[in-house]
Amino acid sequence: MSGAVLVVLEHDRGTIAPAALEALTAGRALAAQLGTTLEALTIGSNGDSLVADAESFGADVIHQAHHALLTDYNPEAWGEVVAQMITATQPAVVLATGTDRGNEVLAQAAARSDSAFVANCLTFEPGQPGDTFGVTRVRWGGSLIERATVDGTGAGTGTGTGTGTGTGAGAGTSIGTKLLTIAHHAVDASPAANPGAGTATVFEARLDPSVARTMIVARVERPAGVTLATAPVVVGGGRGVGSADAFTPLQSLADLLGGVVGCSRAVTNLGWRNHTDQVGQTGTRIAPDIYIACGISGAIQHWVGAMASKKILAINTDPQANMVTKSDYAVIGDLHQVIPAITAEIERRRAT
Amino acid sequence: MRILVCVKRVPAPGSRINITADGLAVDTAFLGFTTSPHEECAVEAAVQLVEAHGGSATVLTLGPAEAEEQLRYAASVGVSNAVLLATDGADWDPQRTAAAITAAITAIEDRDGVFDLILFGNESADSGGFQVGVRVARHLDRPIVNGIKGISVADGIATLERPTDAGQEVYELTMPAVAGVKEGINLPRYPTLKGRLASKKVQVATIEPSAKPGGQVLVRLEPPAELTTSTTILGNGPDAAAAVVDLLEELGVLR
């Protein structure tokens, strides 16, 4: 039997990241495909609380990495722990979340174990042992799909050295572990149908004190309240809004709906809104119940940030605009007239 | 201080990306090119740090000969040195790219001294590998943190701010150090006419990179499955307001 599928569980001081449940779900399917076990890794003793989640998603073994330096997230320390786990348990696949942290940790682990790492995968085609391990992955924030093959640990290259592009499960002394992350929202998190009791086992990591150099030294907690990433309603404005001041009616509508204002990259580049309001590939990925996109043409950069919205309503003067043709609903017209009319209608209904 | 910024030349697509007939690349026949957005901000961050602390900024790219355009652009906004690792234009995988960049940095530092700070974009807009900066930092045995939207430098320490869902994390890296920068750290300036003229005089040092391919191999690019959305037109102009509010009620977002 091949090695396990090992899922690295992202957490923030003991609070599991939603994406980690997606990774467990994807890992469980991959383990079934490979005919192997699903294992999970938590990093730091404050991650011990994740055992119940890992069990209910079907993990057979939960490795709990402990070390005095693992008190909080630390990219180099976490990457080093993953690299040590690869050596210690020789998994077939290490799977992590396709998030800022997940991608960073696996990049660190890959650099340390001198192996390939494929970020933001969508599907896996592992084939038979010895076959090329295939994946599909996100490019251009999701506007393109890349079909790729990946070699495992030991087949990578160092500076100026290497073994070329041979594919397969690894040769010679290499373990052949594949390092992958699963793109956020690529699968829906679902617990195992018949989860068994997982075995929790402590892994004593051996960390050089030098990994402390990338420790978090301070935190600023965000005040409670909806954010662009979590808001149930987002009212977005593009170049068509016309000016920074002209966002006021969008803000009023967002306030009425308990939502927030978003904007396109064109708007942040014009200096009309802060970058923290930007929806897009280089801004925030949103997933509201409804996204109301006003005066936005729908360039790829923006669309990939908005496409996870459950419903999209475009308000645009151009019926051929990309945002209009890709949205669920549209109003053809000038946002400067349409938005105040919507606001007035909501207020009228609330008054009666 | 000495700062290096590593950038990537990427196509600037509008509302649609087409793929070449062999499926191996984006069809750029009708596209312009730009600096990948996170890296455009990394260039601005480097220029601002040099303005505040003195020293010089160098820009480096691995790409086709045409990537000189992106190096000159960086020079037009205040970068004083440029290095091109010229490939034949084919896509280099992340391990290979990192190995080539590491070798170039080592050669430059052996001659001119260590870079106090090396900036990468968090990830490239096109291939999005999320790893070249980390690999280079590891090869050089320097600390790196990604996702950075704030940098300040004092007394040999780079203080980095990283926004997260929970708030903001602060890191203090002893230089020489590396950071993966995200768009939003600043609003990049536009080149002035004077800057554009000065950029033409900047010498671009060209290096022919050599590094073996890594373990991730591109097979082909495909368009994503089209979401078969049919757009329901709710109406025209302000008269559509009632239909919109009906929809909001139906979706349960009108509380």
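Everything below is about the structure shown above.
Because the structure is predicted, anything quoted here is derived from the model rather than measured.

Visitor: Residue-level account of the sheet that holds strand β10 (residues 178–183) of chain A, with values.
Guide: What the 10 strands build is an open sheet, ordered β11(A)-β5(A)-β4(A)-β1(A)-β6(A)-β10(A)-β7(A)-β8(A)-β9(A)-β13(B); its pairing is mixed. One side of each edge strand has no neighbouring strand; the edge strands of this open sheet are β11 (199–204) of chain A together with β13 (216–222) of chain B. On average, adjacent strands in this sheet sit at an angle of 35 degrees to one another, irrespective of strand direction. Where helix α1 (residues 18–34) of chain A meets the sheet, its contacts fall on β1 (5–8), β4 (38–43), β6 (93–98), β7 (118–125) and β10 of chain A, and the angle it forms with β6 of chain A comes to roughly 150 degrees. The sheet strands contacting helix α3 (residues 75–89) of chain A are β1, β4, β5 (61–66), β6, β10 and β11 of chain A, and the helix crosses β4 of chain A at an angle near 145 degrees.

Visitor: Run through the nonpolar core, naming residues and quoting values.
Guide: In this structure, Val 82 of chain A together with Leu 117, Leu 119 and Ile 151 of chain B are the most contacted members of the largest nonpolar core, which totals 93 residues. No other element matches helix α1 (residues 37–53) of chain B, which puts 8 residues into this core. In this view, Ile 151 of chain B contacts Leu 49, Leu 117, Leu 119, Thr 159, Leu 160, Val 181 and Ile 185 of chain B; residues no more than four positions away in its chain are not counted. Counting residues in each nonpolar core, the second largest holds 34 residues, with Val 233 of chain A together with Leu 234, Ala 241 and Leu 247 of chain B among its members.

Visitor: Which residues make up the interface of chain A and chain B, and what values go with them?
Guide: Between chain A and chain B, the contact holds 92 residues from the first and 89 residues from the second. On the chain A side of the interface with chain B, the three residues burying the most area are Trp 140, Arg 147 and Arg 213 of chain A, jointly 10% of the side's total. Applying the counting rule to chain A against chain B returns 9 salt bridges. Here Arg 162 of chain B ties to Glu 104 of chain A by a salt bridge, and the two come within 2.6 Å at their closest N and O atoms. Scanning the region where chain A abuts chain B turns up 42 residue pairs in polar contact (both at pLDDT 80 or more). At 9 residues, the largest contribution of residues to the side of chain A that touches chain B is made by helix α4 (residues 100–113) of chain A. Its residues assigned to classes, the side of chain A that touches chain B shows 37 nonpolar, 30 polar and 25 charged.

Reading guide: rules and limits
Residues numbered from 1 in each chain as written. Chains lettered and ligands numbered in written order. Predicted model: local features only at pLDDT ≥ 70, side-chain atom pairs only at ≥ 80, totals over all residues. Heavy atoms only, no water. Pairing = 2+ DSSP bridges. Helix = DSSP H or I, 4+ residues; strand = E, 2+ residues; numbered from the N terminus. Axes fitted to C-alpha atoms, helices over the stretch in contact; angles between N-to-C directions. Contact = heavy atoms within 4.5 Å. Core = buried A, V, L, I, M, F, W, Y, C linked by side-chain atoms within 4.5 Å. Buried < 20%, exposed > 50% of the residue type's maximum accessible area, 1.4 Å probe, protein only. Buried area = accessible area lost by both parts, 1.4 Å probe. Salt bridge = Lys/Arg side-chain N within 4 Å of Asp/Glu carboxyl O. Polar contact = N/O pair within 3.5 Å; in protein donor to acceptor, adjacent residues only side chain to side chain. Nonpolar A, V, L, I, M, F, W, Y, C, P; charged D, E, K, R; others polar.

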